[in-house]
Number of protein chains: 2
Amino acid sequence: MHGPSEVFRGRIGVVGAGALGIFYGAKLSSAGFDVHFYVRTGYEVVRNEGYKINSCDRDFVIKPPVYHSVEEMGLCDLVLVGLKSFANDTLPYLLGPICTSRTVVLTLQNGLGNEEAIARAMVQCGVQSNEADASRQIIGGTAFLCSNRVAPNEICHTAHGFVRLAEFRGTPQARTHAIAASFRAAGIDCEVRESLSAIRWEKLLWNIPFNGLGVAAHHADTAAILSDDELYRAATEIMEEVRAAARADGVEIDPALPADLIKKTLVMGAYKSSMQIDYEQGRPLEVEAILGEPVRRARQAGIAVPKMEMLYAIVRRMDRQRQQEGV
Amino acid sequence: MHGPSEVFRGRIGVVGAGALGIFYGAKLSSAGFDVHFYVRTGYEVVRNEGYKINSCDRDFVIKPPVYHSVEEMGLCDLVLVGLKSFANDTLPYLLGPICTSRTVVLTLQNGLGNEEAIARAMVQCGVQSNEADASRQIIGGTAFLCSNRVAPNEICHTAHGFVRLAEFRGTPQARTHAIAASFRAAGIDCEVRESLSAIRWEKLLWNIPFNGLGVAAHHADTAAILSDDELYRAATEIMEEVRAAARADGVEIDPALPADLIKKTLVMGAYKSSMQIDYEQGRPLEVEAILGEPVRRARQAGIAVPKMEMLYAIVRRMDRQRQQEGV
């Protein structure tokens, strides 16, 4: 399916080095790519001991170049953005010192609106003069990865890891295929797709019900949701709302996909969504990217998404309340 | 508006003597009616000290006859049911020893399905041989009352108290008007209405959004709901779903009522719904009467109530989870 592509051989910078950014950066680094990490939390231990990846595939350790400031990290040819979307207001500060007008920025963040935030940030920090030009530097990706950060320099990778890439504006280019080839060379299943909207909405098909209900329905992991007849019904009906919202955004999701995802989720057992874990650990939630922006796009298109709206209203309130309480 | 009616002068028994049952029973008792209380919690203190009603209208104390068993209480002409609806499975035990086939049972419980549960209970305990006959003994009422039980024998009444009564089956009778007249004689604003469904759905118009969101949206009192644009929107849209469900049940709710209720709720300040208080105090929730049964009736009628369904799914899960945790 994938034609032979030249791999991308440039200077790669990782910003937002959490469970996702570290995992992909480490895989690429381990395969010999030139990967540099901007490290906010645990800089000393990462510099001294490197990153330990405890993986269902193969454990490994890397000792890559790490930086405590983006100014020290310097200019990159490719930037991997692994930031949680609620931290997008730091993007101008993060991208300014490491991007030129030729840098490719690949965001593996969840949900909708991140590419737009990156384009705005690139204009704000002066890398580009307008968002249209900035947008052409951006690639979006969806990562299907079960990994957790268990220590500042340690990742536990329990399942999956495949990535789908698509240009933010326009169709796949040589660079898109080259980056995918690099991921594959690093042992990551990676495919290039024509439509970024399609891969974003396909991932939301799972993320909206299971992240949303995981928080709204009182610590409900996937098994709790799927073993409760009302929550099961809600999850499947939310998936149909997501399909309708996607359709209004030009994306036709295979009608068989919801049932297929439910089946795959059933065998995952008591899996906690990233949003549920964030909530349990008192961290802010990616509520706007995963719930708010999809709801707004549906509303703009005049599509009724009443259950998604309820999830958004409830989870947003829970997130704000939690932050206020300072838990 | 109310024609002169003879007041009801029989033996009145109160079962489910919580914040609501105690308040109305005490008002009637204080006005000289023959009211007997079945007391589960705090029997000794109630027997020794009576009930203290700290009321926005007038503080008072009563020392009525109280019983620790329904067998001791004996047969009544009128039974006031103030039980929380989740305890309806105890109805056969409670009603059996105090009801004859001529006793009138007035339920002031919240939500839908309580009259049916009482009719079933009266057959189960042998008071009647069939539910149709039992149903003709039942009057339903909605109470608009802000009261809390602050000690086993102490009620804090902060606002309102008016009651609407309607026969469960058929139109108002002499007895309906007589009971209403007794309530009024006891200083309780009380009106007789033609349709029980109408008064139940009108109360649900407030109870479904504000009880449901009060629990689902993380300790959200009315001010928290109405000051959050997404929750405000959800509350008003839920009210339209309730109107649609009521319409399918033969009840046309005035289209101006939702906005009117919102306005009245705005001036209530940070008011906590009974369900929110129950949840915060670790008590079971009236989830089936207030959310489940309305959702089931809408579904049976083929009416879409997606936001009500979400509230039901989430609050039911929270209630079950809480009971499991034994909080």
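Residues numbered from 1 in each chain as written. Chains lettered and ligands numbered in written order. Predicted model: local features only at pLDDT ≥ 70, side-chain atom pairs only at ≥ 80, totals over all residues. Heavy atoms only, no water.

## Here's the deal with the pattern of salt bridges
All names here are of chain A. Applying the stated criterion across every chain yields a total of 58 salt bridges over all chains. Here Arg164 ties to Glu191 by a salt bridge, and the two come within 2.9 Å at their closest N and O atoms. Pair noted here: Arg164 is in strand β9 (residues 154-167) and Glu191 is in strand β10 (residues 190-192), with a separation of 27 residues, a long-range link. With a relative accessible area of 18%, Arg164 lands in the buried category. (Salt bridge = Lys/Arg side-chain N within 4 Å of Asp/Glu carboxyl O. Helix = DSSP H or I, 4+ residues; strand = E, 2+ residues; numbered from the N terminus. Buried < 20%, exposed > 50% of the residue type's maximum accessible area, 1.4 Å probe, protein only.)

## Some words on the nonpolar core
Among the nonpolar cores identified, the biggest contains 90 residues, and Leu213(A) and Leu213(B) are the most heavily contacted of them. Setting aside residues up to four positions removed in sequence, Leu213(A) forms contacts with Ile208(A), Ala220(A), Ile225(A), Leu231(A), Ala234(A), Ala235(A), Ile238(A), Leu311(A), Met310(B) and Ile314(B). In this structure, Phe23(A), Tyr51(A), Ile179(A) and Ala186(A) belong to the second largest nonpolar core, which totals 41 residues. (Core = buried A, V, L, I, M, F, W, Y, C linked by side-chain atoms within 4.5 Å. Contact = heavy atoms within 4.5 Å.)

## Examining the domain arrangement of chain A
All names here are of chain A. As assigned here, chain A comprises domain 1 (12-194) and domain 2 (198-325). The C-alpha-based centres of domain 1 and domain 2 are spaced at 24 Å. Listed per partner, the contact involves 25 residues of domain 1 and 20 residues of domain 2. Counting the surface lost from both domain 1 and domain 2, the interface buries some 1800 Å², and carbon and sulfur atoms represent 54% of this. On the domain 1 side of the contact with domain 2, Phe86, Asn110 and Leu112 bury the most area, a combined 39% of that side's loss. One can count 5 salt bridges joining domain 1 with domain 2. A salt bridge links Lys84 to Asp278, with the nearest nitrogen and oxygen atoms 2.9 Å apart. Among the elements of the structure, α5 (114-124), β8 (138-151) and β9 are those that each provide at least two residues to the side of domain 1 that touches domain 2. (Domains from an automatic or database assignment. Buried area = accessible area lost by both parts, 1.4 Å probe.)

## Observations regarding the interface of chain A and chain B
Taken together, the contact pairs 30 residues of chain A with 30 residues of chain B. Counting the surface lost from both chain A and chain B, the interface buries some 2600 Å², and carbon and sulfur atoms represent 55% of this. The largest contributions to the chain A side of the interface with chain B come from His218(A), Met310(A) and Arg317(A), which together make up 27% of the buried area. On inspection of chain A and its partner chain B, the count reaches 10 salt bridges. Glu230(A) is the partner of Arg299(B) in a salt bridge, and the nearest nitrogen-oxygen pair spans 2.8 Å. Looking at the side of chain A that touches chain B, the elements with two or more residues in it are α8 (196-216), α10 (229-248) and α14 (306-325) of chain A.

## Topic: the relation of the copies chain A and chain B
Taken together, a rotation about one axis and a shift along it account for how the two chain copies relate. For the pair chain A and chain B, the relating rotation is 180°, the translation along its axis is 0.0 Å, and the fit reaches an RMSD of 0.0 Å. Those values place the two copies in the arrangement expected of a two-fold rotation axis. When the interface residues of chain A are mapped onto chain B, 100% of them again fall at the interface, so both copies present the same face. (Least-squares fit on C-alpha atoms with pLDDT ≥ 70 in both.)

## Description of the packing of aromatic side chains
Counted under the stated rule, the structure contains 12 aromatic pairs over all chains. Ring centres 5.1 Å apart and planes at 80° place the aromatic pair Phe23(B) and Tyr24(B) in the edge-to-face group. Residue Phe23(B) is classed as buried on the basis of its relative accessible area of 2%. Three or more aromatic residues joined by ring pairs make a cluster, and in this case those are Phe23(A), Tyr24(A) and Phe183(A). The positively charged end of Arg169(A) is found above the aromatic ring belonging to Phe168(A), 3.9 Å away from the centroid. (Phe/Tyr/Trp six-rings, centres within 6.5 Å; stacked < 30°, edge-to-face > 60°. Lys NZ or Arg CZ within 6 Å of the ring centre and 35° of its normal.)

## Comments concerning the packing of helix α8 (residues 196-216) of chain B against helix α10 (residues 229-248) of chain B
In a packed pair of helices, the relevant descriptors are the angle between the two axes and the axis-to-axis distance. Residues and elements named next belong to chain B. It is the contact of α8 with α10, at a shortest axis distance of 9 Å, that shows an interaxial angle of 145°. In this structure, α8 crosses over α10, and the sense of that crossing is right-handed. Mapping the contact onto sequence places Trp201, Leu204, Leu205, Trp206, Ile208, Pro209, Phe210 and Leu213 in α8 and Leu231, Ala234, Ala235, Ile238, Met239, Val242, Arg243, Ala245 and Ala246 in α10. Looking at side-chain class alone, the contact of α8 with α10 contains 16 nonpolar, no polar and 1 charged residues. (Axes fitted to C-alpha atoms, helices over the stretch in contact; angles between N-to-C directions. Left-handed = near helix turned anticlockwise from the far one by under 90°. Nonpolar A, V, L, I, M, F, W, Y, C, P; charged D, E, K, R; others polar.)

## Notes on the environment of Gln137(A)
All names here are of chain A. Mapped onto the elements, Gln137 comes out in the loop between α6 (131-135) and β8. Taking the C-alpha atoms as reference, Gln137 lies 8.7 Å from Arg169; in sequence the two are 32 residues apart. If we ignore the near neighbours within four places in the chain, the residues touching Gln137 are Thr100, Ser101, Arg102, Thr103, Val104, Val105, Met122, Val127, Gln128 and Arg175. Of note is the side chain of Gln137, whose polar atom sits 3.0 Å from the backbone oxygen of Thr100. (Polar contact = N/O pair within 3.5 Å; in protein donor to acceptor, adjacent residues only side chain to side chain.)

## Section: the pairing of strand β1 (residues 11-15) of chain A
The two faces of a sheet get side chains in turn, since along a regular strand they alternate between them. All names here are of chain A. Most of β1 is tucked away, with 4 of its 5 residues classed as buried. Both β1 and strand β2 (residues 34-38) contribute to a ladder of 4 bridges, which runs parallel. Within the sheet, the bridge partner assigned to Ile12 lies in β2 and is Val35. Note on the crossover from β1 through helix α1 (residues 19-30) to β2: the handedness is right-handed. Pairing geometry for β1 and strand β6 (residues 78-81), over 4 bridges, is parallel. Within the sheet, the bridge partner assigned to Gly13 lies in β6 and is Val79. (Pairing = 2+ DSSP bridges. Right-handed = clockwise from strand over helix to strand, strands pointing away.)

## Some points on helix α1 (residues 19-30) of chain B
Residue and element names in this part refer to chain B. Along its 12 residues, α1 runs 16 Å from first to last C-alpha, staying within 8% of the 16 Å computed at 1.5 Å per residue. Across the 12 residues of α1, 10 count as buried, placing the element largely inside the fold. Every buried residue belonging to α1 is among Ala19, Gly21, Ile22, Phe23, Tyr24, Gly25, Ala26, Lys27, Leu28 and Ser29, and all of these are buried. (Expected span 1.5 Å × (residues − 1).)

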